[in-house]
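What follows is each chain in one-letter form.
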Amino acid sequence: MSFGLEGRPKIRRACLNRSDSTLNLQWNRPSDNCLSFTHFNLYGRDNPLSIYQLLGTYTDNSINSLNRQLPNTKQWEFFLVFHKACNGVDSIYSDTVFIDNQAPSNSELDSVSVDFTTQKAIVGWSKNAALDVEGYYIYNVTGSGLNTIISTTSSLNYTDNDRNPVNGSISYKIAALDSCKNASLISEEHRTIHLQSTYNPCNKTINLQWTPYIGWEVDNYDIYLKIDASNFALIGTVISNITQFTYTFSNFGSTYCFYVRAHKKSSSITSSSNITCNATNNIRPSDNSYIAKVSVINEVVEFV
């Protein structure tokens, strides 16, 4: 027997917008080789003890999705029936599916870091294991602990061009979402390293202080230095509970730039801070300095 509707229709997803109870149903439609198609019906029920109801009849075989408002937001299940086969009698049934309200598994950030060139924060993570993951929500965490969605992306990394990690540490979280916009739980928080430096010309030192990396256990911090137009080079390493370093320089007149890199314990994952620079001016003694007089006034020696 040759069927006009070739192949069984396969429902790809059933999504429910819970704000207005609108169903979005998508399927792979069968081809109509004998031009025997007349219509298809949508059936559904909102609990397994009820009988299926006819929810709608459609006469357009070119469509493969539909939207329909449901009377409630319960856990509906659906199937489609296409009429007719080439013999004009048989009908073809799709599989039966439930509304997809299963959120993806949780995603966690690999790291947040400050880009070496742009000095903007970069957020990175691994691909979620769920098969129907459509993208990821990126959250910024404010000082009051409020999680605010700042972007949605299908990529596995995000560059934040709206906040400046040079001004302070920035916090991020993510959540995975599937094709029905079901979202996973929000991930743990990760914070960028914020590096600051203080120049002391009298001691010929530059003191570095930074905020600790938050998001995973730090093994150690590496300190990198670039003098004028040279390349950055490693000048020191400190253990995880130390967040300061003092550099003593030899010559005035150069510009000293630094950044700090955190290493995750038992991993190759790292996170780099912002870059901070200090220009040391040439210092020369003042001209014609001399003692004009020395006086004793009321047993106090006064130098002029």
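For the structure, see preceding data.
Overview of the structure. Here the structure is a predicted model, which is why all the values come from computation and not from measurement.

What counts, and at which threshold
- Residues numbered from 1 in each chain as written.
- Predicted model: local features only at pLDDT ≥ 70, side-chain atom pairs only at ≥ 80, totals over all residues.
- Heavy atoms only, no water.
- Helix = DSSP H or I, 4+ residues; strand = E, 2+ residues; numbered from the N terminus.
- Rg over C-alpha atoms; globule rule 2.2 N^0.38 Å.
- Contact = heavy atoms within 4.5 Å.
- Areas by Shrake-Rupley, 256 points an atom, 1.4 Å probe, with all protein chains shown as cover.
- Lys, Arg positive; Asp, Glu negative; His and termini not counted.
- Charge placed at Lys NZ, Arg CZ, Asp CG, Glu CD.
- Pairing = 2+ DSSP bridges.
- Axes fitted to C-alpha atoms, helices over the stretch in contact; angles between N-to-C directions.
- Disulfide = S-S within 2.5 Å.
- Buried < 20%, exposed > 50% of the residue type's maximum accessible area, 1.4 Å probe, protein only.
- Polar contact = N/O pair within 3.5 Å; in protein donor to acceptor, adjacent residues only side chain to side chain.
- Core = buried A, V, L, I, M, F, W, Y, C linked by side-chain atoms within 4.5 Å.

### Remarks on the overall build of the protein
Consideration 1: Looking only at helices and strands, one finds zero helices and 27 strands in the protein.
Consideration 2: Since a compact globule built from 304 residues should have a radius of gyration of about 19 Å, the 33 Å found for the protein marks it as more spread out than a globular shape.
Consideration 3: Along the first, second and third principal axes, the C-alpha atoms of the protein reach 125 × 40 × 35 Å.
Consideration 4: Expressed as a percentage of contacts within the protein between residues at least 6 apart in sequence, the contacts between residues at least 24 apart total 59%.
Consideration 5: Per element, the accessible surface of the protein, about 16700 Å² overall, is 48% carbon and sulfur.
Consideration 6: Taking the average place of the 23 positive charges on the side chains of the protein and the average place of its 26 negative ones, the gap between the two points comes to 2 Å.

### Thoughts on the sheet that holds strand 11 (residues 109-114)
Consideration 1: The antiparallel open sheet is built from three strands, whose spatial order is 11-12-15. The outermost strands of the open sheet, each flanked by one partner alone, are strand 11 and strand 15 (157-160). Within the sheet, the average angular offset between the axes of one strand and its neighbour, ignoring direction, is 15 degrees.
Consideration 2: The pairing of strand 11 with strand 12 (residues 121-125) spans five bridges and is classified as antiparallel. Paired with Val112 across the two strands is Val123, which belongs to strand 12.

### Here's the deal with the state of the cysteines
Consideration 1: Using the criterion set out here, one finds two disulfides in the structure.
Consideration 2: The disulfide bridge from Cys15 ends at Cys180, spanning 1.9 Å between sulfur atoms. Here Cys15 and Cys180 share a disulfide; its torsion about the S-S bond, -70 degrees, makes the bridge left-handed. Placement of the pair is Cys15 in strand 2 (residues 10-17) and Cys180 in the loop between strand 16 (171-178) and strand 17 (190-191), with a sequence separation of 165 residues. Each of the two residues, Cys15 as well as Cys180, counts as buried.
Consideration 3: Across the disulfide from Cys257 sits Cys277; the S-S distance is 2.0 Å. Disulfide Cys257 to Cys277: torsion about the S-S bond roughly 110 degrees, handedness right-handed. Separated by 20 residues along the polypeptide, Cys257 in strand 23 (residues 255-264) and Cys277 in strand 25 (residues 276-279) bring together distant segments of the chain.
Consideration 4: A relative accessible area of 7% means that Cys257 is categorised as buried.
Consideration 5: On the basis of relative accessible area, Cys277 is assigned to the partly exposed category, the value being 42%.

### Remarks on the side chain of Asn41
Consideration 1: Considering the arrangement of structural elements, one finds Asn41 in strand 5 (residues 39-45).
Consideration 2: Take Asn41: its relative accessible area is 7%, and that puts it in the buried class.
Consideration 3: One polar contact links Asn41 to Thr57, side chain to side chain, over a distance of 2.8 Å.
Consideration 4: Beyond its immediate sequence surroundings of up to four residues, Asn41 is in contact with Leu54, Gly56, Thr57, Phe79, Leu80, Val81 and His83.

### Structural notes on the nonpolar core
Consideration 1: The biggest cluster of nonpolar side chains holds 33 residues, and the ones touching the most others in it are Trp210, Tyr221 and Phe258.
Consideration 2: Mapped by element, the contributors of at least two residues to this core are strand 11, strand 12, strand 13 (133-141), strand 16, strand 19 (205-210), strand 20 (218-227), strand 22 (244-248) and strand 23.
Consideration 3: The next biggest cluster of nonpolar side chains, apart from the first, holds 19 residues, and it includes Ala14, Leu42, Leu66 and Phe82.

Keep in mind that these numbers describe shape and distance, not what the molecule does.
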